[in-house]
Amino acid sequence: MTALQIAAAIAAKEVSVADITTQYIEKARASANFVAINEQAMEQAAQVQAKLDAGETLSPLAGVPVALQDNIFVQGMPCACGSAIMADYMPMFDAEVVQKLQAAGLIVIGKLAMNEFADSPQAAAAVAADEIPFALVTDNRKAAAQHGVWHIKPTYGAVSRLGLVANVSSMDAIGPVARSAEDCAALLQIIADAQWIDLPSGLTELPAFPHALTACEIISCAEAGANLQKFDGISLGKRSADAQNLTETYKFSRAQGFGMATKRRALFGSLMLAGDNYELYYKKALQVRAQMKAALEGVSMAELPVDDVHNCLASLAGLPAIVKPDGKQIMGAAFTDIALAKGGAA
Amino acid sequence: MSWEIVMGLEVHAELSTKSKIFCGCSTEFGAPPNTHVCPGCAGEPGTLPVLNRAVVEYAMRLGLTLGCDITRVNTFDRKNYFYPDLSKAWQTTQLYAPVCRNGGIGDVRLHQIHMEEDAGKLVHAPDGSAAYMDYNRGGTPLLEIVTKPDFRTTEQVLGFLETLRETLLYLDICDCKMQEGSLRCDVNLSVRPVGQAEFGTRTEMKNLNSFKAIARAIEYESKRHIDVIERGGSITQETRRWDDNKGKSMPMRNKENAQDYRYFPCPDIPPVVIDDAWLESVRATLPELAAQKRERYTGEYGIAPKDAATITVHKTISALFEQLVELTGQPKEAANLITGELMRHLNNTGTLPEDLQVDAGKLAQLIELVLQGKINRAAYKQTMHAVFGEDVQPMEYIEAHGLLMQDNSDALAAAIAAAIAANPKAIADYRAGNEKTFGFIMGQVMKELKGQGNPALVKPALEAALADC
Ligand SMILES: [Zn+2]
């Protein structure tokens, strides 16, 4: 069943929220894709059921189980971002999207594994295998295409980043992974704060942006590297037991806490900002980004392959992109996310 | 060879906004460690900065007052470095678009003024065994005021800082307590032979905690430069820490000197646009500054320039003065009260002007009492100090201490009669035309009244009595 079908069955009292929650918690416990289970889920299911029984209208997705990539905060559940450096990290507050999910009566089942500070193939796999009806992730286009599920990388700024561990601050966007376009749209409408617009017209041919990928690499590695600096073994980040002084605390904690891919990105990003490189590379990357954004102003919609070269366009320009089960993505104008999902479903 | 010293300043002013620059935490000084901290200013992941617009307004106030060009599209940048006082491992500052450019104070030109956040404080255990972090100060808003290298003498530096301090105080944007670190100054210094156009190699001195320390540090560092160069050496461009106890500057650990801050635009803070309406609304509420007040006090009230300077030494004092003038309509009495008894009180008790707490209404009441002749000057001063010290109710105090002047006519008549009877020689002298004796007789009457006679009443009554007898 899709998420909307589950919601309809709950609304029609064909199934209880508790039954559905139990069913998906069991699946999650048995799955290697989950890193943590929400132990409050059954209690929350009972509360939602009580509200529904009292005649409250919560949302079109009330009572439906949902999972979160492990870079989104749920108070009381650890958040590790797939990294040893955040292994013991307990968030101090709920992410804004989690507050919205709870207000809408969705039940958070648990957290999904992820590549260290990156995407979550596990989220796409879990949705594809119906271990969860749908999930919230950050840009997960490659994994969604590989697993043949729907995914919206939303317009930048449409969904709050409060309670999301920052990776690339100027591109990070929380969006849904689901088994139908309608589920994606329904979930996005619950978590977003946006004035959606309709698609102005049909598909457009895109000009070539030869430097886009390089610009995207420079900016995303620089931002990610800077964002990860705070995990230094002092107040954040698992402190190395081997460190004898301040310098060693930084060196050993970070050397032991980060994986190789993360280190490579952080080092490359740091290099791009060092000394004259800011003017030589980073500033040029910002210029490429600005020119690209301007060039994409008039574009309504374009179908593109899912790969680094094409993914970076929506990332840099902050535009929405929807990945379809056929492995293609459609990039649209800003705030046409819902229209894209409807168009994709048609 | 004779040498010229060239200096520029970097002044950090901690702003007195109620909350921090990017979160709602209080900026209050002296709270128990880590009590004014939230996930945001603790640098927790998942948090986002929300700019406190009051900080931008404070920057505009200073910029408009100092004749700066105000940047209309303000952006913030990240300055990256690892140090425990910086929980995020970056400081949010303005590198590429500082809020103010140009402007100046007198002959000194400003390079720029920018907004940034302060770091936390590292507290070392007395035995050196551990260090603790206090993040209360982290995220407190700062304005960094950077001058051009326009200073040639210590006097210029101190004069500039005094005017800047006065301006910040009167704009009500910084409490300027150097001892609490709310006003901090770094001095960039180099020397060159008189007549040479190029600048010498400069050093930057940090940790200057008082005007006195600044003066000593400049003297020490300029001598050191000249000494090194005259002995054939060369100055290394570096940051040095002033040690006021040793009276020496020392190079800071190499880390501070070889630092690459890898600045880049902060992706979390959208540009802040200052439009005409906002700018003009700030301009319209700029307060009167100390120099303008001095001009008004001397011009409008006829107060001596020296006294006007004393009254404007701090905003709390000039505010008290203006309240007293408003309540009594007696600017000269008010000025005398402040430059005389109030200053004596501050000196005697070691109270800083900013810590002064006094009820202007009570002082105004005292001014009225003395002018109406209800108390004499001695009682006026005595009661005033009781108001300063214990915040007494003036009338209660005056009555309890028997300071109210006698204007009981029976008692006065009796006192005059007694004085005349007791001093026949003086009366005879007076009658013989020696008018100077009047003062003596007057004194005797006052003595009879135990000092509580009202001279304004005693004098005519005594004159009449002497004419009659
Ligand atoms: Zn805070």
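Just so you know, these numbers come straight off a predicted model, no measurement behind them. (Residues numbered from 1 in each chain as written. Chains lettered and ligands numbered in written order. Predicted model: local features only at pLDDT ≥ 70, side-chain atom pairs only at ≥ 80, totals over all residues.)

Chemist: Can you explain the overall build of chain A? Please cite residues and give values.
Modeler: Assigned secondary structure in chain A consists of 13 helices and 9 strands. Along the longest, intermediate and shortest principal axes, the C-alpha atoms of chain A span 65 × 60 × 30 Å. In chain A, which comprises 346 residues, the proportion classed as buried is 55%. (Helix = DSSP H or I, 4+ residues; strand = E, 2+ residues; numbered from the N terminus. Buried ≥ 20, exposed ≤ 12 C-beta atoms within 10 Å, placed from the backbone.)

Chemist: Which residues make up the overall build of chain B, and what values do they have?
Modeler: For chain B, the count of helices and strands is 16 helices and 17 strands. Taking 23 Å as the expected radius of gyration for a compact globule of 469 residues, we find that chain B reaches 31 Å, considerably beyond that expectation. Based on the C-alpha atoms only, the size of chain B along its principal axes is roughly 100 × 60 × 55 Å. Counting across all 469 residues of chain B, residues that qualify as buried make up 36%. Long-range contacts, defined as pairs at least 24 residues apart, comprise 67% of the intrachain contacts of chain B with a sequence gap of at least 6. (Rg over C-alpha atoms; globule rule 2.2 N^0.38 Å. Contact = placed C-beta atoms within 7 Å.)

Chemist: Outline unusual backbone geometry, listing residues and values.
Modeler: Residues and elements named next belong to chain B. Not every positive phi belongs to a glycine, and Ala89 is a case in point at roughly 70°. Note on placement: Ala89 falls in the loop between strand 4 (77–80) and strand 5 (90–93). On the neighbour-count criterion, Ala89 (23 C-beta atoms within 10 Å) is buried. The phi dihedral of Asn102 is positive, around 60°, even though this residue is not glycine. Within the element layout of this structure, Asn102 appears in the loop between strand 6 (100–101) and strand 7 (104–105).

Chemist: Break down the sheet that holds strand 7 (residues 301–305) of chain A for me, citing the residues and quoting the values.
Modeler: Residues and elements named next belong to chain A. Strand order in the open sheet formed by 9 strands is 1-3-2-4-6-5-8-9-7, and the pairing between neighbours is mixed. Each end of this open sheet is capped by a strand with a single partner; those strands are strand 1 (34–37) and strand 7. Each strand axis lies, on average, 25° off the axis of its neighbour in the sheet, ignoring direction. Strand direction decides the pairing type here: strand 5 (residues 150–153) and strand 6 (residues 174–178), joined by 2 bridges, are antiparallel. Each residue of the ladder has a partner; that of His151, found in strand 6, is Val177. Strands in contact with helix 5 (residues 121–128) are strand 2 (65–69), strand 3 (107–112), strand 4 (134–138) and strand 6; relative to strand 4, the strand with the most contacts, it is inclined by about 165°. Contacts from helix 7 (residues 181–191) reach strand 4, strand 5 and strand 6 within the one sheet, and its direction differs from that of strand 6 by about 150°. (Pairing = 2+ DSSP bridges. Axes fitted to C-alpha atoms, helices over the stretch in contact; angles between N-to-C directions.)

Chemist: With reference to specific residues and values, describe the interface of chain A and chain B.
Modeler: Contacts between chain A and chain B engage 29 residues on the former and 21 residues on the latter. At the level of secondary structure, the elements contributing two or more residues to the side of chain A that touches chain B comprise helix 8 (212–227), helix 10 (260–273) and helix 11 (277–295) of chain A. A per-element tally of the side of chain A that touches chain B places helix 8 of chain A first, with 3 residues. For the side of chain A that touches chain B, a count of residues per class yields 18 nonpolar, 7 polar and 4 charged. (Nonpolar A, V, L, I, M, F, W, Y, C, P; charged D, E, K, R; others polar.)

Chemist: Give a detailed account of helix 13 (residues 409–422) of chain B, specifying residues and quantitative values.
Modeler: Residue and element names in this part refer to chain B. A rise of 1.5 Å per residue sets the reference length of helix 13, with its 14 residues, at 20 Å; its end C-alpha atoms lie 20 Å apart and thus fit the reference within 8%. Among the residues of helix 13, Leu412, Ala415, Ile416 and Ala419 are the ones counted as buried. All buried residues of helix 13 fall inside an arc of 100° around its axis, so they share one side. In helix 13, the exposed residues that point more than 90 degrees away from the buried face are Asp410, Ala413 and Ala421. For helix 13, the secondary structure elements touched by its buried residues are helix 15 (437–448) and helix 16 (455–468). (Expected span 1.5 Å × (residues − 1). Arc of directions from axis to C-beta.)

Chemist: So what about the domain arrangement of chain A? Which residues, and what values?
Modeler: Residue and element names in this part refer to chain A. In terms of domains, chain A is made up of domain 1 (3–200 + 308–345) and domain 2 (212–294). One C-alpha centre belongs to domain 1, the other to domain 2, and the line joining them spans 27 Å. The interface is formed by 21 residues belonging to domain 1 together with 21 residues belonging to domain 2. Taken together, the residues that form the side of domain 1 that touches domain 2 break down as 13 nonpolar, 5 polar and 3 charged. (Domains from an automatic or database assignment.)

Chemist: Tell me about the sheet that holds strand 5 of chain B, and please be specific about residues and values.
Modeler: All names here are of chain B. An order of 5-4-16 is seen for the 3 strands of this open sheet, with the pairing classed as antiparallel. Since the sheet does not close on itself, it has two edges, and those belong to strand 5 and strand 16 (264–265), each with one partner. The sheet contact formed by strand 4 and strand 16 spans 2 bridges and is antiparallel. Its bridge partner lying in strand 16, Asp77 is registered against Pro265.

Chemist: Give a detailed account of the confidence of the model for chain B, specifying residues and quantitative values.
Modeler: With 98% of its residues at a pLDDT of at least 70, chain B reaches an overall mean of 92. Listed scores for the predicted complex are pTM 0.86 and ipTM 0.93. (pLDDT = per-residue confidence, 0-100.)

Chemist: Break down the environment of Ala95 of chain A for me, citing the residues and quoting the values.
Modeler: Tracing the backbone shows Ala95 of chain A in the loop between strand 2 and helix 4 (96–103). Dropping the residues within four chain positions of it, Ala95 of chain A is found in contact with Ile72, Phe73, Leu162, Gly163 and Leu164 of chain A together with Gly46 of chain B.

Chemist: Any details on the domain arrangement of chain B? Residues and values, ideally.
Modeler: By the assigned domains, chain B splits into domain 1 (3–279), domain 2 (290–400) and domain 3 (409–468). If you average the C-alpha positions of domain 2 of chain B and of domain 3 of chain B, the two centres end up 34 Å apart.

Chemist: Which residues make up the pairing of strand 9 (residues 121–124) of chain B, and what values do they have?
Modeler: All names here are of chain B. Pairing of strand 9 with strand 10 (residues 131–134) involves 4 bridges; the strand directions are antiparallel. Across the sheet, Val123 pairs through a bridge with Tyr132, a residue of strand 10. A loop of 6 residues connects strand 9 with strand 10, the two strands running antiparallel in sequence, and Gly128 in this loop sits at a positive phi of about 75°.

Chemist: Mind laying out the environment of His111 of chain B, listing which residues take part and the relevant values?
Modeler: Residue and element names in this part refer to chain B. One can find His111 in strand 8 (residues 108–117). By C-beta crowding, His111 is classed as buried, having 20 other C-beta atoms within 10 Å. Remark: the alpha-carbon pair of His111 and Thr147, spanning 36 residues in sequence, is separated by 5.0 Å. With residues near it in sequence (within four places) discarded, His111 still touches Val146, Thr147 and Lys148.

Chemist: Explain the environment of Gly298 of chain A residue by residue, including any values.
Modeler: Inspection of the secondary structure assignment puts Gly298 of chain A in the loop between helix 11 and strand 7. Each C-alpha atom, one on Gly298 of chain A and one on Pro200 of chain A, is 9.8 Å from the other, the two residues being 98 residues apart in sequence.

Chemist: Describe the nonpolar core, and please don't skip the residues or the numbers.
Modeler: Counting residues in each nonpolar core, the largest one holds 127 residues, and the members touching the most others are Val66 and Ala135 of chain A. Of the residues forming this core, the biggest block, 9 residues, is contributed by helix 8 of chain A. In this structure Ala135 of chain A touches Val66, Ala67, Leu68, Gln69, Leu112, Ala123, Ala126, Val127 and Val177 of chain A, once residues within four positions along its chain are discounted. Met60, Leu110, Leu142 and Val191 of chain B belong to the second-largest nonpolar core, a separate cluster that totals 57 residues. (Core = buried A, V, L, I, M, F, W, Y, C linked by C-beta atoms within 7 Å.)

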